[in-house]
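Structural description and commentary
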Amino acid sequence: MNYMLNVAKIFFLLIKFWTQSKKQKLFLSKFLHSFDSKLNKSDLDRLKTYGLYVPIFIGESYSSLRGSKLNTNERTAITCLGGMTALFDDLFDESNYSDDFIRNVLENPVKNKSYSPQLNLLVELYYLFLENSNHKSSTKVLMNKVFHAQVASRNQTKPTLSQTELETITYNKGGYTMQLYRRAFENDISENEDALFYQLGAIGQLENDIFDVYKDYKAGIKTLATMAIEMKQLERIYQNLHSEIWNKIDKTTFKSKNKEHFKLICSLIISRGYVALSQFKKLSKKTNQIFKTTEYSRKELICDMEKPLNRVKLLHYAASCSKK
């Protein structure tokens, strides 16, 4: 009974996401129009994507957990962070930007004529976020942590990297970013809630790495997914993160019905990882249960969530794991 009820709730949730996306698209259109930047189409498309999905999946989800809608300042702040996410990685991809330069930009977000349009837009978004956030002090601390996590991720190209080091890099990269997103919302942040957002970011980063296994393998980037020997072991890591998230949600002081609804939202997002893991577990049967990226084709290593069967699997896992 609970399973079928969850299936029905998920359909209503998807309808709600669609409604929220229309509202955010309208806000985003007006929001981006206020910036005078000469971005190319690729940059603009990424900005629109992150500026749409971060406010919906992070902002609207959190508003359902606390039981009150996003106000204008919060929507502006989380949209800024979404846009910053789209531009932030480029700071580290550009070879002419030293770590000291990047750190200085983050510590002193001021536009400069010598900066590229992308960098000036990043500075504008960060400054606007700070204007709309109630958590300026902890935001600056977290930006420093996000910076160091990004620097540490360069070690993923080194030939020798331990499992523990990989976990730390993965969790910090996603965890600190998600804690930063939490600073877009006005409510006071408890220690447990901050820990919850760290765990959400950790599993989110691991999920991204699972879906990027082919791209990262070809680029020589080591992740928990590319270095996995057995998919069952990687699945256990994923399940442990999932269980820890549920424990931390239960420990929050929000209303029980809000916590259950938030779990359902998280289940829908987290279950994408379970769909990919099930595909890779099946794939590893070809190589005696040992996951060997060198033995598989590009098609085999890419989990296409647009396939009808994978959509059905997503619905199944989401309806099942929301009960964890």
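Quick caveat, the model's predicted, so the values are computed rather than measured.

Turning our eyes to something else, we now look at the side chain of Thr287. With respect to the secondary-structure elements, Thr287 resides in the loop between α11 (256-284) and α12 (298-301). If near-sequence neighbours (up to four positions away) are discounted, Thr287 is found in contact with Lys292, Glu295 and Tyr296.

Scanning the model with the defined rule gives 13 aromatic pairs in all. Note on Phe101 and Tyr115: the rings are 5.7 Å apart at their centroids and 85° apart in plane angle, and the pair reads as edge-to-face. With Phe101 in helix α4 (residues 99-107) and Tyr115 in the loop between α4 and α5 (117-132), this pair connects stretches of sequence that are 14 residues apart. We classify Phe101 as partly exposed; its relative accessible area is 25%. On the accessibility criterion, Tyr115 (15% relative accessible area) is buried.

So, about the packing of α4 against helix α6 (residues 136-152). The interhelical angle for the contact between α4 and α6, taken along N-to-C directions, is 160°, at an axis separation of 10 Å. Between α4 and α6, the crossing angle belongs to the class labelled roughly antiparallel. Remark: the crossing between α4 and α6 carries right-handed chirality. Facing α4, whose interface residues are Asp99, Ile102, Arg103 and Leu106, α6 presents Met143, Phe147, His148 and Val151. When its residues are assigned to classes, the contact of α4 with α6 shows five nonpolar, one polar and two charged.

Cut-off values and rules
Residues numbered from 1 in each chain as written. Predicted model: local features only at pLDDT ≥ 70, side-chain atom pairs only at ≥ 80, totals over all residues. Heavy atoms only, no water. Helix = DSSP H or I, 4+ residues; strand = E, 2+ residues; numbered from the N terminus. Contact = heavy atoms within 4.5 Å. Phe/Tyr/Trp six-rings, centres within 6.5 Å; stacked < 30°, edge-to-face > 60°. Buried < 20%, exposed > 50% of the residue type's maximum accessible area, 1.4 Å probe, protein only. Axes fitted to C-alpha atoms, helices over the stretch in contact; angles between N-to-C directions. Parallel < 35°, antiparallel > 145°, perpendicular 65-115°, else oblique. Left-handed = near helix turned anticlockwise from the far one by under 90°. Nonpolar A, V, L, I, M, F, W, Y, C, P; charged D, E, K, R; others polar.

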